[in-house]
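Each chain is listed here by its residues.
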Amino acid sequence: MAVPVASVCVAAPASAGSHEVAVGGSDSGSDHPVTASSIASPQWVYETQSGSSLSTGCSSTRLDLTVRSGASSSAFAVVPGGSSTGCSGPLSVISHVHVGTWQLDLTGPATGGGADVVDGVLRHVRIDQANAACRFSVVGEARVRFHEATQRLEVVETGRSGRLRQSGVVGCLGQIRDGGAVDWKVTFDLASPDGVVTVR
């Protein structure tokens, strides 16, 4: 005698690169301002002319995000502006200037729960850095993780992947190699006046 088998339906996570974003519980397709503020000193590692590493950092970094609620193929936010303070660099204190509009894409899967850690990529990054003896740009893209439960965004571009690179080097006395790889690690708290940001 055949024994009936009960079927159990389990909600599948959203596929990588396809998400629905809600802000304050709304997924109406609106734009929402979100401020990302570093919770500890951002860390930078540059590649020198000799191929060794030069580790530096900043006191703080802020990114200004616009998160769009609703369904998206991958885009989570655009980043039209940002600033950093207290940055050390090759040979002296160095300025960091955010250039252009960056894009934050979520590439990893998410579920309907509220505690996902979703992988992503920060694209079109450009930061012009300069002091009296050295000038260059950091360009490319960086790996990120969005922590839904804590409303934190991590930039975890490490291991000299080459996704972020040094470009347009002027001066720097061998401390920065043109085309060299850059590491960037920082954790941001997200402040959203319109409510908690969730992804499914």
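Residues numbered from 1 in each chain as written. Predicted model: local features only at pLDDT ≥ 70, side-chain atom pairs only at ≥ 80, totals over all residues. Heavy atoms only, no water.

**Overview of the overall build of the protein chain**
Definition in use: Strands are runs of DSSP state E lasting at least two residues, helices are runs of H or I lasting at least four, and both sets are numbered from the N terminus onward. Throughout, exposure labels follow a simple rule: accessible area from a 1.4 Å probe, protein chains only, divided by the maximum for the residue type, with under 20% read as buried, over 50% as exposed, and the rest as partly exposed. For this analysis, residues touch if any pair of their heavy atoms sits within 4.5 Å. Here the open area of atoms and residues is found with the Shrake-Rupley method and a 1.4 Å probe, where only the protein chains shown may cover a residue.
Secondary structure summary: the protein chain contains 0 helices and 15 strands in total. Summarising its shape, the C-alpha atoms of the protein chain cover approximately 80 × 45 × 25 Å along the three principal directions. Per-residue burial for the protein chain yields a buried fraction of 40% across its 200 residues. Considering only contacts in the protein chain between residues 6 or more positions apart, those separated by 24 or more positions represent 65%. When the accessible surface of the protein chain is split by element, carbon and sulfur atoms take 53% of a total near 9400 Å².

**Quick look at the confidence of the model for the protein chain**
Note the cut-off: As a per-residue quantity, pLDDT reports the predictor's confidence and falls between 0 and 100.
On average, residues of the protein chain score 91 in pLDDT, and 91% of them are at 70 or above. Across residues 1-16, where pLDDT falls below 50, the model places 10 contacts with residues more than four positions away in sequence or in other chains.

**Examining the packing of aromatic side chains**
Note the threshold: Any Phe, Tyr or Trp ring, taking Trp's six-membered ring, that has another such ring centre within 6.5 Å forms a pair; planes under 30 degrees apart are called stacked, those over 60 apart edge-to-face, and the others tilted.
Evaluated as defined, the whole model comprises 5 aromatic pairs. Note on Trp44 and Trp184: the rings are 4.8 Å apart at their centroids and 10° apart in plane angle, and the pair reads as stacked. Taken as a pair, Trp44 in strand E3 (residues 43-47) and Trp184 in strand E14 (residues 183-191) lie far apart in primary sequence, 140 residues in all. Each member of the pair, Trp44 as well as Trp184, is classed as buried. Judged by centre distance (5.2 Å) and plane angle (40°), the rings of Phe76 and Phe146 are tilted.

**Points about the sheet that holds strand E1 (residues 19-23)**
Selection rule: Think of it this way: DSSP has to see at least two bridges between two strands before they count as a pair. To obtain each axis, a line is fitted to C-alpha atoms, and for helices this fit is confined to the stretch in contact; angles are then taken between N-to-C directions over 0 to 180 degrees.
Judged by pairing direction, the sheet is antiparallel, and its 3 strands sit side by side in the order E6-E1-E15 without closing on themselves. Looking at which strands have only one partner, the edges of the open sheet turn out to be strand E6 (70-72) and strand E15 (197-199). Averaged over all pairs of adjacent strands, the angle between strand axes in this sheet comes to 25°, irrespective of strand direction. Sheet analysis places E1 next to E6, joined by 3 bridges and oriented antiparallel. Residue pairing for E6: Val21 is matched across the bridge by Gly70.

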